[in-house]
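# Residue-level structure breakdown
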Amino acid sequence: MTGSVPPTRCLRMSIELRRLTKAFGSRPVVDDLSLAIDDGEVVVLLGPSGCGKTTTLRMVAGLEQATSGEILIDGERVNDVPPQRRDIAMVFQSYALYPHMTVAANIGYPLRVRKLDPGQVDDQVSRTAAMLEITSLLGRRPRELSGGERQRVALARAIVRHPRAFLMDEPLSNLDAKLRLQMRAELKHLQQQLGTTTVYVTHDQAEAMTLGHRVAVMNQGRLQQFDTPLTIYNEPATRFVAGFVGSPAMNFFAGEIDVVNQRFVNRDLALVLTDEQARQFQQLGTKQVNLGIRAEHISVSLEEKDGQPALIYVTELMGPETFVILQIDQTRLVARAGAEFRAEPDSHAWIRFEMNKAHWFDQAGQRLESVPSA
Amino acid sequence: MKRLLKYALLTMALLATVAPVYWLITISFKHEVDQFAVPPKWFLFRPTIEHYLDAFFTRSFGRYFFNSLLVASASTLCALIIGTLAAYALARFRLPANLDRRLALWILSTRMFPAIVTAVPLFLIMRDLHLVNTQLSLVIVYTGFNLPFVVWMMRGFFAEIPRELEEAAMIDGDSRLGALRRIILPLATPGLAATAVFCLIVSWNEFLFALVLTQTDDAMTLPVGIAGRVTQYGIKWGAMSAAAVVAMIPILAFAMSVQKYLVRGLSLGAVKG
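So, how was this worked out
- All chains use their own residue numbering, which begins from 1 and follows the written sequence.
- All chains are assigned letters beginning with A, and all ligands numbers beginning with 1, in the order in which they are written.
- Two thresholds apply to this predicted model, a pLDDT of at least 70 for residue-level local features and 80 or more for giving and counting side-chain atom pairs, whereas whole-chain, interface and lining totals are computed over all residues.
- Going along the chain from the N terminus, every DSSP run of H or I of four or more residues is numbered as a helix, and every run of E of two or more is numbered as a strand.
- A residue is called partly exposed when the number of other C-beta atoms within 10 Å of its own lies between 12 and 20, exposed at 12 or fewer, and buried at 20 or more, with C-beta atoms placed from the backbone.
- A helix's residues, less one, multiplied by 1.5 Å, set its expected span.
- Throughout, the arc means that of the directions going from the helix axis to the C-beta atoms.
- The contact rule is simple: place each C-beta atom from the backbone, and if two of them lie within 7 Å, those residues are in contact.
- Charged means Asp, Glu, Lys or Arg here, nonpolar means Ala, Val, Leu, Ile, Met, Phe, Trp, Tyr, Cys or Pro, and polar covers whatever is left, Gly included.
- Every axis in this analysis is a line fitted to C-alpha atoms, fitted for helices over the stretch in contact. Angles between the N-to-C directions lie between 0 and 180 degrees.
- Roughly parallel refers to an angle under 35 degrees, roughly antiparallel to one over 145, roughly perpendicular to one between 65 and 115, and oblique to any angle outside these ranges.
- Handedness of a helix crossing follows the sense of rotation of the near helix relative to the far helix, less than a right angle counterclockwise being left-handed and clockwise being right-handed.
- In this analysis, strands are considered paired if DSSP registers two or more bridges between them.
- For every domain, the bounds stem from an assignment made automatically or drawn from a database.
- Handedness of a crossover is defined as follows: with both strands directed away from the viewer, a clockwise route from the first strand across the helix to the second makes it right-handed.

## Points about unusual backbone geometry
All names here are of chain A. Residue Pro 248 is bonded to the preceding Ser 247 through a cis peptide linkage, with omega at 0°. With respect to the helices, strands and loops of the structure, Pro 248 is situated in the loop between helix H8 (239-244) and strand E11 (251-258). For Asp 74, which is not glycine, the phi dihedral falls at a positive 50°. Classification of Asp 74 by C-beta neighbours within 10 Å gives exposed; the count is 12. Phi at Asp 87 takes a positive value of approximately 55°, unusual for a residue other than glycine. Position of Asp 87 among the secondary structure elements: in the loop between strand E5 (76-77) and strand E6 (88-91). By the C-beta count within 10 Å, which is 17 here, Asp 87 ends up partly exposed.

## Quick notes on helix H5 (residues 177-194) of chain A
Quick reminder: α-helices carry 3.6 residues per turn. Residues three or four places apart thus point the same way. Residue and element names in this part refer to chain A. Spanning 18 residues, H5 covers 26 Å between terminal C-alpha atoms, matching the ideal 26 Å at 1.5 Å per step. All of the buried residues along H5 are Arg 180, Leu 187 and Gln 191. The arc that holds every buried residue of H5, seen down its axis, measures 30°, which confines them to one face. Exposed residues lying more than 90 degrees from the buried face of H5 are Lys 178, Gln 182, Ala 185, His 189, Gln 192 and Gln 193. On its buried face, H5 sits against strand E3 (42-46), strand E8 (197-202) and helix H6 (205-211). Just downstream of H5, Gly 195 is the residue with a positive phi angle, here 70°.

## Digging into the interface of chain A and chain B
Each partner contributes to the interface: chain A provides 17 residues, whereas chain B provides 15 residues. Mapped onto the side of chain A that touches chain B, the elements with two or more residues apiece are E6 and helix H2 (103-113) of chain A. Across the side of chain A that touches chain B, the residue classes break down as 13 nonpolar, three polar and one charged.

## As for the packing of helix H7 (residues 135-160) of chain B against helix H10 (residues 189-205) of chain B
Residue and element names in this part refer to chain B. Packing of H7 against H10 leaves a shortest axis separation of 10 Å and a crossing angle of 160°. The angle between H7 and H10 falls in the class roughly antiparallel. Between H7 and H10 lies a crossing whose hand is right-handed. Contacts between H7 and H10 pair Tyr 142, Phe 145, Asn 146, Phe 149, Val 150, Met 153, Met 154 and Phe 157 from the former with Gly 191, Thr 195, Phe 198, Cys 199, Val 202 and Ser 203 from the latter. For the contact of H7 with H10, the class distribution of residues is 10 nonpolar, four polar and no charged.

## Some remarks on H10 of chain B
All names here are of chain B. Over its 17 residues, H10 extends 24 Å from the first C-alpha to the last, a length consistent with the 24 Å expected when each residue adds 1.5 Å. Taking burial as the measure, the 17 residues of H10 include 12 buried ones, the bulk of the element. The set of residues buried in H10 consists of Pro 190, Gly 191, Leu 192, Ala 193, Ala 194, Thr 195, Ala 196, Val 197, Cys 199, Leu 200, Ser 203 and Trp 204.

## What about the sheet that holds strand E2 (residues 27-37) of chain A?
Residues and elements named next belong to chain A. Strand order across the open sheet formed by four strands is E2-E1-E4-E5, with antiparallel pairing between neighbours. Only two strands of the sheet have a single partner each, and these edge strands are E2 and E5. With five bridges connecting them, strand E1 (residues 15-24) and strand E4 (residues 68-73) associate as antiparallel partners. Residue pairing for E4: Thr 21 is matched across the bridge by Ser 68.

## Points about the sheet that holds strand E7 (residues 165-169) of chain A
Strand pairing in a sheet is mediated by backbone hydrogen bonds. Such pairs are either parallel or antiparallel. Residues and elements named next belong to chain A. Pairing within the open sheet is mixed, and its six strands lie in the order E6-E7-E8-E3-E9-E10. Edge positions in the sheet fall to E6 and strand E10 (222-227), since each of these pairs with one other strand and no more. Put simply, the sheet's adjacent strands are angled 15° from each other on average, direction ignored.

## Points about the pairing of E4 of chain A
Residue and element names in this part refer to chain A. Pairing analysis gives two bridges linking E4 to E5, with the strands arranged antiparallel. Directly across from Leu 72, in E5, lies its bridge partner Arg 77. The antiparallel hairpin formed by E4 and E5 contains two residues in its connecting segment, where Asp 74 sits at a positive phi of about 50°.

## With respect to the domain arrangement of chain B
Residue and element names in this part refer to chain B. Assigned domains within chain B: domain 1 (1-48) and domain 2 (60-271). Between the C-alpha centres of domain 1 and domain 2 there is a distance of 32 Å. Across the boundary between the two partners, domain 1 contributes six residues, which contact six residues of domain 2. Grouping the amino acids of the side of domain 1 that touches domain 2 by side-chain chemistry returns three nonpolar, two polar and one charged.

## Observations concerning the pairing of E8 of chain A
Residues and elements named next belong to chain A. With six of six residues buried, E8 is to be regarded as a mostly interior element. Here E8 shows two buried faces, one formed by Thr 197, Val 199 and Val 201 and the other by Thr 198, Tyr 200 and Thr 202. Two elements, E3 and E8, share five bridges in a ladder whose sense is parallel. Counted as the bridge partner of Leu 46 is Thr 202 from E8. As paired strands, E7 and E8 are joined by five bridges and run parallel to one another. Looking across to E8, one finds that Met 168 is bridged to Tyr 200. Between the parallel elements E7 and E8, the chain passes through H5 in a crossover that is right-handed.

## What to know about the packing of H2 of chain A against helix H3 (residues 118-131) of chain A
Residue and element names in this part refer to chain A. In contact at an axis separation of 9 Å, H2 and H3 are set at 125° when each is read in the N-to-C sense. Considering their axes alone, H2 and H3 lie oblique with respect to each other. Remark: the crossing between H2 and H3 carries right-handed chirality. In this structure, H2 contributes Ala 104, Ile 107, Gly 108, Leu 111 and Arg 112 to the contact, and H3 contributes Val 121, Gln 124, Val 125, Thr 128 and Ala 129.

Take a look at the structure:
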């Protein structure tokens, strides 16, 4: 995005959330959320279902009243501005196409409501339809369309009036896997063309990583981390983020630090710390920790009898690589291996941990910042 | 065997509903001597239209017909407008302390006592408002009578329409009322049609309030007018039947004109209420 020429009309807005809270009854769904979204930026709200991401989006849209806190658009407080006057477009998970109108009437609706003259409406509708390659569908009704086509119509309806921000609520989740990847790419391309500020809600971490300039990971109404996809992957701020982002999920081991022997130990494992890690732990005085390590930082070998012995639980061939799920007594973990890796269940293997790539979290799940992991 | 039984039952049901109507129609076309001939003349009789001429030209049935048409359509329209807006509010807005649901039950409860209970007080109110023996009094009463029904029917229909549609409309720049008019109401048309038919039938057939609140031809409706032909001097079966036959026509015509909505509307409303 950086360095690309901005569109002729600079139709963007910055959105800021300040200590935003939404409670249904006494249960907070969104809890003290603060976020600043720059104009032209794509921010993805990522989290499991029920984490408050959709509610947040609905508050930005004006469909839901905030219990407390502020929503600012271009620096102005809009808590009490109705959705009609926020100049925001939204794509719903269900697409929310108007079933009794043709595709053309659906796309033209935002313009007709704004009392544009019919000639102009037709003009804009056909131009937008051409952009999304749905010109041949203009005369049909939503129920005659496939899921992917409906998705395009919903997008067309959102972009036809050049809003200053897009809100997207899991727009791809109703599509089958293949179509989802295709639409994801198209969506990204479209956003880069338009440069419109976008808030995108999803529970799919791959969507978040690929689409977002920055990703806000939420859990149970609380913001866990708000950063670039790369930082979120490489330096997850909490154990939750570490476990939620990345596939296969990160391995976690609860255990304690044995400062004397420079080791992380639990029932099944005894892993040697790097000198730097040992020094930091000595300073911290923390004993109970959670160790997180991604599958790609664990190597498996069937021959070199070097490292931690383990049993093969299963192997999952993914095409270009293999996920190897291993068992060490009660502990199960997953490692990445090449596509050629083959092993029978219950056969013996030896694994090595790249300890300098380990992530450390305290018992509350917060990242131990001072302990280095490269 | 099973098929046979099915058709036998259907034939019986059909006979039970159609036979009185058939009898009514034949009486309206029979000379008075043929009307109660023994044995009854089922099919062969000398037809006449004298009763129709009698009913609508020498007697005031034409006037009753007009009154009925006016009162029924005006009260149906009023009930639909007020009731639909109320139903929309009850379907979409959550009020504190479950007030929306209580309000809906309270509205329904107004239909739970017999009509006669309100007849006397309504008469006194209308008398004080100088509205006795006017069509307006009937329009007001029928509107009130139909409102709970409209509210409950339409509330069910609105509840079935996804909220996201009007949310999308509002984000697209429409007002709430605009979204109601352009998005929600078109989708609720089957429900609206079914509800309108019911209201129309109720208002069209209503007898008690019409009897209490009207006294002369100025405001009298068909049911009261027809019953009024039973006098101490004799019963004008022919004229009554002719009027009744004509009275069937408007409802039948309306129901047929909205039939394509009606089937869907009735079955939808039945599941959710």
